[in-house]
Amino acid sequence: MFEKIFFLLCLSTALAEQLCRPEASDGYRVRLSIKTALGDEAYVWNDNEMFLFRATLAFAMRNQISGQEFEVSNIIVCDETPRVSFWFVVTSPQNTSQLVDKESVEEAVRKSRNRINSAFLLTDKTLEFIGIPPTLAAPVNPDTPPWLIVFGLVMGAVGAGIIVLLASSVVQKKRKNDEKPDDEEIDEETRVKTVENSAASEGIYNRSFSDDERFTHM
Amino acid sequence: MEKDARPKWDSPVQFVLACVSYAVGLGNVWRFPYLCQMHGGGGFLIPYLLMLFLEGVPLFYLELAIGQKMRLGSIGAWTAISPYLGGMGLASVVTSLYLCLYYNIINAWSFWYLFHSFQSVLPWAECPINANRTGPIKECEQATPTQYFFYRETLDISSSIEENGGIHTGQALCLILAWIITYLFIVRGVKSTGKVVYFTATFPYVVLFVYLIRGITLHGAINGVKYMFTPKMEQLANPTTWINAATQIFFSLGLGFGSLIAFSSYNQYNNNFERQAIVVSLINSGTSIFASIVTFAIYGFKATVNYENCLERTRLLLLNAFNLAEDSITVDTVYDWIEKLNATYPEQFAELNTRLENCDLESELDTAVEGTGLAFIVYSEAIKNMPLSQLWSVLYFIMLLLLGMGSMLGNVTAIITPLRDFKVISLAEGSVLLAGLVCLFCLLLGLGFTTTSGSYWFTMFNDYGATFSLLFIVLIEVITVSYIYGIKRFEKDIEDMLGHRPNWYWKIMWTFTSPLLLIALFIFYIINYIKGGTPTYQAWNKELGKSVVTEYPVFGQVFIGLLLASSVSCVPLTALYVYCRKRKHGGHHKRQRTVSTISA
């Protein structure tokens with residue numbers, strides 16, 4: 001009795017080993033970088049963690065192929081290394097000697113990638129499925145690019161500066177124009193006064209000498 | 001009584017700050033550290049300081065003296081000194097015009113980077129994802145994210161100067177902004193410029209100081225500073241070192257553009273410009289040295305980060321290839337492990353060899369970069385690795401903007417002052433209009449630099465637009481003043497203004513040393529130009545993700561020739577024109593003179 005059970009167990013493990021061959025066609029290599037991700041809080045990789053991995057993968061396969069009940073025993077792992085990397089294959093629950101094809105496994109992993117990562121407190125970079133590139137997050141495209149907003153602010157400020165400048169020059173001109181007629185009247189009065197009061201008038205300034213100043217360097 | 005009294009600076013301090021703001025520009029930040037690195041670190045200071053005293057300060061003094069004495073812009077001032085050589089002023093204006101056209105593009109780029117710094121993740125920190133969302137864009141992967149951001153997103157560069165796309169709207173907007181701000185600064189002439197320079201001259205030093213503290217406290221900065229200051233004295237034997245020192249002093253002080261003449265023409269007649277000339281020149285050189293300490297601290301940081309990243313990548317590669325436990329190889333033991341693994345698994349290791357990078361700190365430090373590459377690529381790469389990178393990025397690009405805008409003030413003033421002197425439009429409002437027209441004109445032509453091949457045209461202008469013509473102009477300047485105008489007359493003018501004659505040091509520099517040095521530089525440039533063969537430029541190759549050396553096409557070379565000829569030929573052409581005019585009107589003029597003396 002015991003011999004039969006023993007024989008069956010040996011057979012199943014032998015079969016499993018045959019199914020799971022590293023770099024064979026229907027499996028994937030997994031690589032975990034626990035220490036890189038968690039540093040001091042890294043957990044030790046042991047058989048229990050491996051069990052969790054197989055269970056999570058079975059969960060992913062169940063999500064992908066509805067109707068089929070994948071069990072932990074359907075996920076076969078081999079070639080474990082100290083790096084913490086290993087090869088896995090998935091067998092079909094209906095026929096344990098048949099492997100599920102690569103595409104379905106890939107789809108399953110892709111869909112549930114987030115759940116698998118969070119089960120191990122890892123990220124896409126630290127839990128790698130070699131051959132399944134992670135789907136990168138979609139770039140956030142805001143309606144107005146942020147730089148345009150800052151540009152608008154600065155341009156608005158500069159525009160306001162120009163308007164203030166032009167307005168102040170117009171206001172200054174107006175003030176000058178208002179003062180000018182007053183000045184002219186005052187000038188005329190003083191001139192009339194000087195003519196009346198004194199013989200020596202101011203005279204008209206003769207420009208012909210002052211203009212030459214610049215060009216004669218003696 | 002003059003109706004349009006010449007505007008003046010509110011105080012001599014404004015004049016000094018204006019000169020500092022003009023002279024201290026982007027070249028201090030991005031050219032001097034490069035030269036320092038190429039020519040033996042601390043040892044380069046010897047030729048640099050020597051050239052400062054032989055050539056820089058005397059020529060600076062000369063230009064200030066001429067401007068303050070003649071109280072006119074460059075065209076008027078040189079015409080007054082010697083009517084045949086008024087073309088020098090015109091050549092200065094033409095060169096300043098070329099400079100204005102392309103210099104504001106740098107400010108536009110600084111604005112672009114500044115506006116893009118207001119994001120949670122700096123856009124040049126990571127590669128954008130491609131359309132399939134499988135990985136980064138290929139061009140970005142080949143190059144680095146910072147290079148990609150500069151060449152693709154900022155410039156949208158084409159693969160050669162011949163290919164042209166449309167205008168990059170973002171760039172065009174930033175250029176318009178840059179020109180509007182420049183207009184605001186100069187619209188009221190020295191009244192507005194005088195107030196602005198208080199800020200543009202002093203704030204960059206605040207930022208440099210803050211960056212110095214930040215830079216020195218960065219991890220690995222000490223490697224860079226050590227690398228810079230270890231003098232390699234054998235470089236002093238190389239003539240190129242001395243030539244580069246002379247050229248750097250020359251261009252850094254901004255001689256020959258007419259800006260210094262323009263600035264000093266607004267001075268009081270008795271302003272003590274002798275002391276100011278020495279002060280500004282020393283401040284300029286001091287800033288170069290200060291900026292290079294900061295740059296080398298940043299270099300050291302960047303090199304160390306890259307080196308450590310390289311080691312980390314190698315470590316991962318070894319771990320993954322040989323399936324060793326994660327903590328068996330640390331960053332420090334990578335090289336030991338390489339030897340061990342090479343010994344134990346030679347075949348596997350040989351397969352790996354192609355992917356294995358050679359991580360070397362020295363070679364990272366050796367990558368000497370200058371110009372826009374340093375300012376926009378290397379620095380932004382360093383900034384993205386700093387904590388609180390947005391803050392440092394904003395500070396840095398504000399500093400670049402202030403340095404660039406400060407220099408633009410001088411450049412535009414150099415064009416507007418001579419035009420104003422011609423009394424084209426004599427009213428005060430006319431100068432507002434004139435400034436606006438000049439800015440508009442430069443803006444419209446400058447839009448050409450925002451096209452996809454615009455960056456190559458920028459490089460052409462940068463390399464050929466001002467270098468040769470300036471040497472020529474300043475050489476003629478110093479020969480004119482020393483020999484044609486006469487050093488004795490010049491001495492008397494200075495005595496008139498300052499109250500004392502210049503001492504023997506100045507006179508020897510003006511009559512012998514500076515002209516000789518300039519002639520040597522001039523000859524060197526010509527020889528270099530002839531020996532260099534076809535002029536080349538760096539074209540960005542999209543597929544390879546790096547720059548390749550390409551020759552200028554025929555129209556490019558013709559344009560270079562035009563650039564050089566157009567400013568240099570102003571001098572002989574104007575001399576010829578004046579000579580012809582004098583011959584024609586010589587008789588009339590003499591008769592007029594006799595009439596006026598009789599009536600008086």
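Treat the numbers as computed from the prediction; the structure is a model and nothing was measured.

About the thresholds
- Residues numbered from 1 in each chain as written.
- Chains lettered and ligands numbered in written order.
- Predicted model: local features only at pLDDT ≥ 70, side-chain atom pairs only at ≥ 80, totals over all residues.
- Heavy atoms only, no water.
- Phe/Tyr/Trp six-rings, centres within 6.5 Å; stacked < 30°, edge-to-face > 60°.
- Helix = DSSP H or I, 4+ residues; strand = E, 2+ residues; numbered from the N terminus.
- Buried < 20%, exposed > 50% of the residue type's maximum accessible area, 1.4 Å probe, protein only.
- Pairing = 2+ DSSP bridges.
- Axes fitted to C-alpha atoms, helices over the stretch in contact; angles between N-to-C directions.
- Contact = heavy atoms within 4.5 Å.
- Salt bridge = Lys/Arg side-chain N within 4 Å of Asp/Glu carboxyl O.
- Core = buried A, V, L, I, M, F, W, Y, C linked by side-chain atoms within 4.5 Å.
- UniProt positions renumbered as here; feature names shortened; annotations may be inferred.
- Parallel < 35°, antiparallel > 145°, perpendicular 65-115°, else oblique.
- Left-handed = near helix turned anticlockwise from the far one by under 90°.
- Nonpolar A, V, L, I, M, F, W, Y, C, P; charged D, E, K, R; others polar.
- Buried area = accessible area lost by both parts, 1.4 Å probe.
- Polar contact = N/O pair within 3.5 Å; in protein donor to acceptor, adjacent residues only side chain to side chain.
- Patch = residues over 30% accessible without salt bridge, like charges linked within 9 Å, V, L, I, M, F, W, Y side chains within 5 Å.
- Areas by Shrake-Rupley, 256 points an atom, 1.4 Å probe, with all protein chains shown as cover.
- Disulfide = S-S within 2.5 Å.

**What about the packing of aromatic side chains?**
Item 1. The tally for this structure, following the rule as stated, stands at 60 aromatic pairs over all chains.
Item 2. Taking the centre distance of 6.0 Å and the plane angle of 20 degrees together, the rings of A:Trp45 and A:Phe86 count as stacked. Placement of A:Trp45 in the loop between α2 (34–38) and α3 (47–64) and of A:Phe86 in strand β3 (residues 85–90) is noted, with a sequence separation of 41 residues between them.
Item 3. Between B:Phe199 and B:Phe203 the ring centres are 5.2 Å apart and the planes differ by 25 degrees, which places this aromatic pair in the stacked class. Here the residue B:Phe199 and the residue B:Phe203 both occupy positions in helix α10 (residues 190–216), the gap between them amounting to 4 residues, near one helical turn.
Item 4. Owing to a relative accessible area of 46%, B:Phe199 belongs among the partly exposed residues under this scheme.

**Quick look at the sheet that holds strand β1 (residues 28–32) of chain A**
Residues and elements named next belong to chain A.
Item 1. With antiparallel pairing, 4 strands are arranged side by side in an open sheet as β2-β3-β1-β4. In this open sheet, the two edge strands, each paired with only one partner strand, are β2 (75–81) and β4 (127–130). Each adjacent strand pair in this sheet contributes to an overall mean axis angle of 25 degrees, direction not counted.
Item 2. Sheet topology places β2 next to β3; 5 bridges connect them, and they run antiparallel. Bridging from a neighbouring strand, isoleucine 76 pairs with valine 89 of β3.
Item 3. In this fold helix α4 (residues 102–111) packs onto β1, β3 and β4, with an angle of close to 30 degrees to the strand it touches most, β1.

**Describing the pattern of salt bridges**
Should the charged atoms of two oppositely charged side chains come close, the side chains can pair.
Item 1. In total, this model carries 16 salt bridges over all chains according to the counting rule given.
Item 2. Residue A:Asp79 is joined to A:Arg29 by a salt bridge in which the shortest nitrogen-to-oxygen separation is 2.5 Å. Of this pair, A:Asp79 sits in strand β2 while A:Arg29 sits in strand β1, and the two are 50 residues apart along the sequence.
Item 3. Judged by relative accessible area, A:Arg29 falls into the buried class, the value being 11%.
Item 4. B:Arg501 is the salt-bridge partner of B:Glu495, the closest N and O atoms lying 3.2 Å from each other.
Item 5. Owing to a relative accessible area of 39%, B:Arg501 belongs among the partly exposed residues under this scheme.
Item 6. Ionic contacts of the salt-bridge type, sharing partners, join the residues B:Glu491, B:Glu495, B:Arg501 and B:Lys507 into one network.

**A word on the nonpolar core**
Item 1. Formed by 190 residues in total, the largest nonpolar core has its most connected members in B:Ile66 and B:Tyr211.
Item 2. Among the elements that line this core, the one with the most residues is helix α6 (residues 87–116) of chain B, at 19 residues.
Item 3. Contacts of B:Ile66, omitting those with residues within four sequence positions, involve B:Arg71, B:Ala77, B:Trp78, B:Ile81, B:Ile261, B:Val481 and B:Phe490.
Item 4. Counting residues in hydrophobic clusters, the runner-up holds 28 residues, among them A:Tyr43, A:Ala58, A:Ala60 and A:Phe129.

**Quick word on the UniProt feature "binding site: Na(+)" (unreviewed entry) in chain B**
All names here are of chain B.
Item 1. When the UniProt feature table is mapped to this numbering, "binding site: Na(+)" (unreviewed entry) covers Ala23, Val24, Asn28, Ser252, Asn284, Leu403 and Ser407. Taking the farthest pair of C-alpha atoms as the criterion, the annotated set spanning 385 residues converges on one region, since that pair is 12.5 Å apart.
Item 2. Within the fold, alanine 23 resides in helix α1 (residues 12–23).
Item 3. Setting aside chain neighbours within four positions, we find alanine 23 in contact with Asn28, Ser252, Leu253 and Asn284.
Item 4. Examined against the element boundaries, valine 24 turns out to sit in the loop between α1 and α2 (26–30).
Item 5. Here valine 24 is in contact with Tyr205, Asn284, Thr287, Leu403 and Ser407, once residues within four sequence places are set aside.

**Considerations on the packing of α6(B) against helix α21 (residues 454–465) of chain B**
All names here are of chain B.
Item 1. Packing of α6 against α21 leaves a shortest axis separation of 10 Å and a crossing angle of 135 degrees. The angle between the axes of α6 and α21 places the two elements in the oblique class. By crossing handedness, the relation of α6 to α21 is classed as left-handed. Here Thr95, Tyr98, Tyr102, Ile105, Ile106 and Trp109 of α6 come into contact with α21, specifically with Phe458, Phe461, Asn462 and Gly465.
Item 2. Looking at the contact of α6 with α21 residue by residue, the classes come out as 7 nonpolar, 3 polar and no charged.

**Regarding the pairing of strand β2 (residues 546–551) of chain B**
Residues and elements named next belong to chain B.
Item 1. Sheet analysis places strand β1 (residues 536–541) next to β2, joined by 6 bridges and oriented antiparallel. From the neighbouring strand, threonine 536 faces β2, where its bridge partner is glutamate 551.
Item 2. Taken together, β1 and the strand that follows it, β2, pair antiparallel across an intervening segment of 4 residues, in which glycine 545 is found at a positive phi of about 75 degrees.

**With respect to the interface of chain B and chain A**
Item 1. Listed by partner, the interface residues are 36 residues for chain B and 35 residues for chain A.
Item 2. Counting the surface lost from both chain B and chain A, the interface buries some 3,100 Å², and carbon and sulfur atoms represent 67% of this.
Item 3. On the surface where chain B and chain A come into contact, there are 0 salt bridges.
Item 4. At the junction of chain B and chain A, the tally comes to 3 residue pairs in polar contact (both at pLDDT 80 or more).
Item 5. If you list the elements that add at least two residues to the side of chain B that touches chain A, you get α6, α9 (169–186) and α14 (273–322) of chain B.
Item 6. Broken down by element, the residue count for the side of chain B that touches chain A peaks at 8 residues, all from α9(B).

**Looking at the UniProt feature "transmembrane region" (unreviewed entry) in chain A**
Item 1. Here, the residues flagged by UniProt with the feature "transmembrane region" (unreviewed entry) are residues 147–171 of chain A.
Item 2. Note that residues 147–171 of chain A is 100% helix and 0% strand, and that its end C-alpha atoms are spaced 36 Å apart.

**Here's the deal with a nonpolar patch on the surface**
Residue and element names in this part refer to chain B.
Item 1. A cluster of nonpolar side chains, namely Ile479, Tyr483, Ile484, Trp504, Ile508, Phe512 and Leu516, defines an oily patch on the protein surface of about 790 Å² accessible area.
Item 2. Secondary structure elements with two or more residues in the nonpolar patch: α22 (467–484) and α24 (504–531).
Item 3. Ranked by residue count, the leading element in the nonpolar patch is α24, at 4 residues.
Item 4. Its location among the elements puts leucine 516 in helix α24.
Item 5. Note on leucine 516: relative accessible area 57%, which makes it exposed.

**Concerning the environment of B:Trp179**
Residues and elements named next belong to chain B.
Item 1. If you trace the backbone, tryptophan 179 turns up in helix α9.
Item 2. According to the relative accessible area criterion, tryptophan 179 is buried, its value standing at 2%.
Item 3. Taking the C-alpha atoms as reference, tryptophan 179 lies 9.7 Å from glycine 436; in sequence the two are 257 residues apart.
Item 4. With residues up to four places along the chain from it excluded, the contact list for tryptophan 179 reads Cys100, Asn104, Met408, Val412, Cys439, Cys442 and Leu443.

**Quick look at the packing of α9(B) against α10(B)**
Residues and elements named next belong to chain B.
Item 1. In the contact formed by α9 and α10, the axes pass within 6 Å of each other and the chain directions differ by 110 degrees. The angle between the axes of α9 and α10 places the two elements in the roughly perpendicular class. In this structure, α9 contributes Leu184, Phe185 and Ile186 to the contact, and α10 contributes Ser192, Thr193 and Val196.
Item 2. When grouped by side-chain class, the residues that make up the contact of α9 with α10 number 4 nonpolar, 2 polar and no charged.

**Comments concerning the state of the cysteines**
Joining two cysteines, a disulfide is a covalent bond between their sulfur atoms.
All names here are of chain B.
Item 1. Inspection of the entire model under this criterion finds 2 disulfides over all chains.
Item 2. Here cysteine 127 engages in a disulfide with cysteine 140; their sulfurs sit 1.9 Å apart. Because the torsion about its S-S bond is -90 degrees, the bridge between cysteine 127 and cysteine 140 counts as left-handed. You can see cysteine 127 sitting in the loop between α6 and α7 (138–142) and its partner cysteine 140 sitting in helix α7, a full 13 residues away along the chain.
Item 3. Linked covalently through their sulfurs, cysteine 310 and cysteine 359 form a disulfide whose S-S length is 1.8 Å. Judged by the sign of its S-S torsion, about -80 degrees, the cystine formed by cysteine 310 and cysteine 359 is left-handed. A residue pair is termed long-range when its members are at least 10 positions apart, and cysteine 310 in helix α14 and cysteine 359 in the loop between α16 (346–352) and α17 (361–366) qualify at 49 residues. Here cysteine 310 matches cysteine 359 in class, with each residue buried.
Item 4. If one numbers only the bonded cysteines of chain B, in the order they occur, the disulfide pattern is 1-2, 3-4.
Item 5. Left unpaired, cysteine 174 is separated from the closest cysteine sulfur, that of cysteine 439, by 17 Å.
Item 6. Residue cysteine 174 is classed as buried on the basis of its relative accessible area, which comes to 0%.

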